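Structural features, examined
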Amino acid sequence: MTTVIMRTTARVIVPIILVVAVTLFVEGHNLPGGGFIGGVLTTTAFAVIYLAFGLDFLERGVLGRDVEPGKEPSRDRVVVAYRRLFEYGLAIAVLSGLVPLLFDRPFLTQTFVEFEGVPIYDHVELASAVAFDLGVYCVVVGGLLTILSVVGAE
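The numbers attached to residues start from 1 for each chain and follow its sequence in the written order. Only residues with pLDDT of at least 70 are given local features in this predicted model, and only at 80 or more are side-chain atom pairs given and counted; all residues enter the totals for whole chains, interfaces and linings. Only hydrogens and water are set aside; all other atoms, that is, all heavy atoms of the structure, feed into the side-chain values.

Let's talk about the overall build of the chain
When helices and strands are tallied, the chain shows 4 helices and 2 strands. Segments assigned H or I by DSSP are reported as helices when at least four residues long, segments assigned E as strands when at least two residues long, and all are numbered from the N terminus. For the chain, the α and β elements follow one another from N to C terminus as α-α-α-β-β-α. With a 1.4 Å probe rolled over the protein chains alone, any residue whose accessible area is under 20% of its type maximum counts as buried; one over 50% counts as exposed, and the rest are partly exposed. Burial status across the chain gives 29% buried among its 154 residues.

Pasting the structure below:
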C-alpha cells in the first residue's frame, strides 16, 4: 500500500518526466541522447506509476486492458506486452539501418529533409535517424520494463 504523498507526487512528476523524455527523443537526431535516454526516462515514469499505483492500475489505466474486479492481473500478460515492444523496436532499428542498402549506401547511412513554412516552427529538419532512435527507444523501454516486471514479481 502506498501513501497519499507518493500517489500525489507521482501525478505531478510523471508528466514532467514524460515531457523531458519526449524532448530528449526529438532532439536526439541532432544532439547526443535521443532514443536511449528518452527510453530510460520513459521507463522511469512507468516505474514511478508502478510503485505508486500498482500493477492493476498499469493494466487498466496504461495498457487499457480489462481486469476482473478482485482478480490479480497476470504479470505474464504485462511482460508479453513489453517483450512485443522490444521486438518491434529491434525490427524498426534494424530496418532503418538496412534501407540505405537499397540505395547503394552503407549500412545506417543517414539523411534529412527540410521543411519550410511550417506553422509555429517555420523551419523543420526531419532526419532519417529518427527511425533508428524510435527503434532504440522501443528496445530500451520494452527491455527495461520487462526487467522491472520480472524482478518486481520476485
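Some details on the UniProt feature "transmembrane region" (unreviewed entry) in the chain
Mapped onto the present numbering, the UniProt feature "transmembrane region" (unreviewed entry) falls at residues 12–29, 35–55, 85–103 and 134–153. Structurally, residues 35–55 is divided into 100% helix and 0% strand, and its ends, taken at the C-alpha atoms, are 25 Å apart. Within the segment residues 85–103, helix and strand shares are 74% and 0% respectively, and the terminal C-alpha atoms sit 28 Å apart. UniProt positions are given in the numbering used here, feature names are shortened, and annotations may be inferred rather than shown by experiment.

Digging into the nonpolar core
What is meant by a nonpolar core is a set of buried Ala, Val, Leu, Ile, Met, Phe, Trp, Tyr and Cys residues, joined one to another through side-chain atoms within 4.5 Å. By size, the foremost hydrophobic cluster in this structure holds 8 residues: Ala 10, Val 14, Ile 17, Ala 45, Val 48, Ile 49, Ala 52 and Phe 53. Among the elements of the structure, α1 (4–27) and α2 (35–62) are those that each provide at least two residues to this core. If you tally residues by element for this core, the top one is α2, at 5 residues. Formed by 6 residues, the second largest nonpolar core is a distinct cluster that contains Phe 46, Tyr 82, Val 141 and Leu 145.

A look at the environment of Val 79
Locating Val 79 in the fold gives a position in helix α3 (residues 75–98). For the pair formed by Val 79 and Leu 148, sequence separation is 69 residues and the distance between their alpha carbons is 9.4 Å. Contacts between residues were defined by any pair of non-hydrogen atoms, one from each residue, lying within 4.5 Å. Here Val 79 is in contact with Thr 146, Ser 149 and Val 150, once residues within four sequence places are set aside.

Some points on the side chain of Thr 43
One can find Thr 43 in helix α2. Accessibility expressed as a relative area gives 5% for Thr 43, which makes it buried. Filtering out sequence-adjacent residues up to four positions away, Thr 43 remains in contact with Val 140, Val 141, Leu 144, Leu 145 and Leu 148.

Regarding the pairing of strand β2 (residues 122–127)
Being paired, for any two strands, means DSSP has found at least two bridges between them. The sheet contact formed by strand β1 (residues 112–118) and β2 spans 6 bridges and is antiparallel. Within the sheet, the bridge partner assigned to Phe 112 lies in β2 and is Ala 127. Hairpin remark: β1 followed by β2, antiparallel, with 3 residues in the connecting loop; positive phi at Ile 120, about 75°.

Quick look at α1
Along its 24 residues, α1 runs 35 Å from first to last C-alpha, staying within 8% of the 34 Å computed at 1.5 Å per residue. A residue's bend is given by the angle between axes fitted to the 7 residues ending at it and the 7 residues starting at it. Taken as a whole, α1 carries its principal kink of about 25° at Arg 11; the proline Pro 15 stands between one and four residues after it. Of the residues making up α1, those classed as buried are Ala 10, Val 14, Ile 17, Ala 21 and Phe 25. Multiply 1.5 Å by the residue count of a helix minus one, and that product is the helix's expected span.

Things to note about a nonpolar patch on the surface
Judged by side-chain polarity, Phe 86, Leu 90, Val 94, Leu 95, Leu 98, Leu 101, Phe 107 and Leu 108 come together as a nonpolar surface patch covering roughly 670 Å² of accessible area. Relative to the helices and strands, Phe 107 is located in the loop between α3 and β1. Patch members must show over 30% relative accessible area and no salt bridge, and they are joined within 9 Å when carrying like charges or within 5 Å when they are nonpolar side chains of Val, Leu, Ile, Met, Phe, Trp or Tyr. Each accessible area is a Shrake-Rupley estimate made with a 1.4 Å probe; only the visible protein chains count as cover when residues are assessed. What makes a salt bridge here is a side-chain nitrogen of Lys or Arg within 4 Å of a carboxyl oxygen of Asp or Glu, nothing more.

Considerations on the environment of Phe 112
Along the polypeptide, Phe 112 turns up in strand β1. Look at Phe 112 and you get partly exposed, because its relative accessible area is 46%. For the pair Phe 112 and Ala 129, spaced 17 residues apart in sequence, the C-alpha separation works out to 8.2 Å. Residues in contact with Phe 112, not counting those within four places in the same chain, are Glu 125, Leu 126 and Ala 127.

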